[in-house]
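Here is what each chain is made of, one letter per residue.
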Amino acid sequence: MRIFSGIQPTGRKHLGNYIGAITQYVAGQHRGEAIYCVVDLHATTVAYEPDILRESVYDTAATLLGAGLEPDRCIFFRQSDVHEHTELTWLLSSVTAFGDLNRMTQFKDKSSAQRELVSAGLFFYPVLMAADVLAYRAQEVPVGEDQRQHLELMRDIAERFNARFGQTLVVPEARIPEVGARIMDLQFPDRKMSTTGGSPQGTVYVLDEPPAVSKKIRSAVTDSGTEVVRAPDKAGISNLIEILAAVRGTAPEEIEREFDGEGYGAFKQAVADAVVTYLSPVRERYAQLRADEPKLEQVLEEGAAKAREVASGTLADVREAMGVGPVRPRQ
Ligand code: TRP
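Residues numbered from 1 in each chain as written. Predicted model: local features only at pLDDT ≥ 70, side-chain atom pairs only at ≥ 80, totals over all residues. Heavy atoms only, no water.

Caption draft 1: Quick peek at the overall build of the protein chain. Scanning the protein chain from N- to C-terminus turns up 13 helices and five strands. Against the globule reference of 20 Å for 331 residues, the protein chain gives a C-alpha radius of gyration of 21 Å, in line with a compact fold. Along the longest, intermediate and shortest principal axes, the C-alpha atoms of the protein chain span 75 × 40 × 40 Å. For the protein chain, the proportion of contacts with a sequence separation of at least 24, taken over those separated by at least 6, is 73%. In the structure as shown, the protein chain presents an accessible area of about 15600 Å², 51% of it carried by carbon and sulfur atoms. Across the protein chain, the 37 positively charged side chains and the 47 negatively charged ones have centroids separated by 2 Å. (Helix = DSSP H or I, 4+ residues; strand = E, 2+ residues; numbered from the N terminus. Rg over C-alpha atoms; globule rule 2.2 N^0.38 Å. Contact = heavy atoms within 4.5 Å. Areas by Shrake-Rupley, 256 points an atom, 1.4 Å probe, with all protein chains shown as cover. Lys, Arg positive; Asp, Glu negative; His and termini not counted. Charge placed at Lys NZ, Arg CZ, Asp CG, Glu CD.)

Take a look at the structure:
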């Protein structure tokens, strides 16, 4: 099983990202051949600062390595280091329907949020994303629910390529986690925890110091009741139950049983302590890794070399199938 995912370069990963996505990446290393890249080229499709982008790639790399990605067990690299991604983007554009790109909801949302310029890169974002995955002939793509439409497009692109030029690419499947998707903002428990759309006090960041984590959880919005149970009118408590269940790796029912008869105060304190214990080792490893940029560079470069080995083979097949470049000599 070959697994691929791309990760946006931002150092501000929150608890929802951690539970929903990052733990899956780490687990992927033990389930199959896992390939992950930090997608700095995708980050250039909206307004950004070059210096900050470079820093953010290091922040993200250190966060993921701190969370348990092991460069010996997976291929971990920076997207822009492997030029095959950009070349394949162009080649795939010939089997990508303009009308499909025009229907992408993320493009519509992001383009209306741009103040200065809606770049053609933003429009092409899903083609680059397809190239990321198809270059490795990955079978499985762990992504959030918000990426479902991009995954469908990627599958269409692969299918259209194969139909037009012969069986060359693998049509990948999305793997959309259930758990992390349910982690809600602590202040507005009807909204997902989010870096962009959430509230600062309702968002626990992986790199928050323990007192900040504790304070955010203890001041989470709850209802006027007293029972620690999940219910539609108890969004705040339900969210804290889900969080504690995810962090402990148990079922929510288990948590309800354990806190039966306890007040909200004691329950919130238990959640706060559990999350602090859960995130602290990551934050500590992050600090060590982030301090050594040359080492991070080396890890990313070694990852890119391994990635290139795989991607260059696919590119050779794609070019040949498309009649681009000379015929390859047969060995
Ligand atoms: N667009 C994805 C996101 O915002 C990130 C991404 C880029 C990605 N390339 C990818 C995810 C390839 C999976 C596979 O989350």
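We are not done yet, so read on.
Caption draft 2: Representation of the packing of aromatic side chains within the structure. Considering all chains together, one arrives at eight aromatic pairs under this definition. Here Tyr25 and Tyr36 contribute two aromatic rings whose centre-to-centre distance is 5.0 Å and whose plane-to-plane angle is 45°, an arrangement assigned as tilted. In this pair, Tyr25 sits in helix α1 (residues 15–31) while Tyr36 sits in strand β2 (residues 33–38), placing the two residues eleven residues apart along the sequence. For the pair Tyr25 and Tyr36, one class covers both residues: buried. An angle of 55° between the planes, with centres 6.0 Å apart, marks the rings of Phe77 and Tyr136 as tilted. Highlighted residues: Phe77 in strand β3 (residues 74–78) and Tyr136 in the loop between α7 (120–134) and β4 (140–142), separated in sequence by 59 residues. One exposure class covers both Phe77 and Tyr136, and it is buried. (Phe/Tyr/Trp six-rings, centres within 6.5 Å; stacked < 30°, edge-to-face > 60°. Buried < 20%, exposed > 50% of the residue type's maximum accessible area, 1.4 Å probe, protein only.)

Caption draft 3: Spatial organisation of the site of the ligand. In the vicinity of the ligand there are 13 residues, among which Gln8, Tyr125, Met129, Asp132 and Gln147 approach most closely. Asp132 has a polar side-chain atom sitting 2.7 Å from a nitrogen atom of the ligand. Measuring from a nitrogen atom of the ligand, one finds a side-chain N or O atom of Gln147 at 3.0 Å. Burial of the ligand by the protein chains amounts to 90% of its free accessible area of 370 Å². Those elements giving two or more residues to the shell around the ligand turn out to be β1 (2–7) and α7. Among the elements that line the shell around the ligand, the one with the most residues is α7, at four residues. A per-class count over the shell around the ligand returns seven nonpolar, five polar and one charged. (Near = heavy atom within 4 Å. Polar contact = N/O pair within 3.5 Å; in protein donor to acceptor, adjacent residues only side chain to side chain. Nonpolar A, V, L, I, M, F, W, Y, C, P; charged D, E, K, R; others polar.)

Caption draft 4: Molecular detail of the pattern of salt bridges. The tally for this structure, following the rule as stated, stands at 26 salt bridges. Between Arg148 and Glu145 there is a salt bridge, with its nearest N and O atoms 2.8 Å apart. Glu145 gets classed as partly exposed once you look at its relative accessible area, which sits at 39%. For Asp208, the salt bridge goes to Lys216, with nearest N and O atoms at 2.7 Å. Neither residue differs from the other here; Asp208 and Lys216 are each classed as buried. (Salt bridge = Lys/Arg side-chain N within 4 Å of Asp/Glu carboxyl O.)

Caption draft 5: Representation of helix α4 (residues 84–93) within the structure. Of all ten residues making up α4, seven are buried, and the element is well covered by its neighbours. When we look at burial in α4, the residues that qualify are Glu84, His85, Leu88, Thr89, Leu91, Leu92 and Ser93. Looking at the buried residues of α4, the elements they touch are β1, β2, β3, α7, α8 (148–165) and α13 (293–322).

Caption draft 6: Region of the structure containing the domain arrangement of the protein chain. The assigned domain composition of the protein chain is domain 1 (2–180 + 292–322) and domain 2 (200–287). Of note, the centres of domain 1 and domain 2, computed from C-alpha atoms alone, are 31 Å apart. When the two sides are added together, the surface that domain 1 and domain 2 hide from each other amounts to roughly 1200 Å², 71% of it contributed by carbon and sulfur. The largest share of the area that domain 1 buries against domain 2 comes from Leu15, Tyr18 and Gly66, three residues that together contribute 40% of it. Applying the counting rule to domain 1 against domain 2 returns zero salt bridges. Seen at the junction of domain 1 and domain 2, the total is four residue pairs in polar contact (both at pLDDT 80 or more). Those elements giving two or more residues to the side of domain 1 that touches domain 2 turn out to be α1 and α3 (50–67). (Domains from an automatic or database assignment. Buried area = accessible area lost by both parts, 1.4 Å probe.)

Caption draft 7: Up close: the nonpolar core. Core analysis: the largest hydrophobic core is formed by 54 residues, its most contacted members being Tyr36, Leu69, Phe76, Ile217, Ile243, Phe267 and Val275. Looking at which element gives the most residues to this core, the answer is helix α12 (residues 264–290), with ten residues. Among the domains, domain 1 (2–180 + 292–322) and domain 2 (200–287) are the pair contributing at least three residues each to this core. If sequence neighbours within four positions are ignored, Ile243 has contacts with Leu15, Ile183, Leu186, Val271 and Val275. (Core = buried A, V, L, I, M, F, W, Y, C linked by side-chain atoms within 4.5 Å.)

Caption draft 8: Layout of the side chain of Thr45. Mapped onto the secondary structure, Thr45 falls in the loop between α2 (40–43) and α3. According to the relative accessible area criterion, Thr45 is buried, its value standing at 7%. Residues in contact with Thr45, not counting those within four places in the same chain, are Ser119, Gly121, Leu122 and Tyr125.

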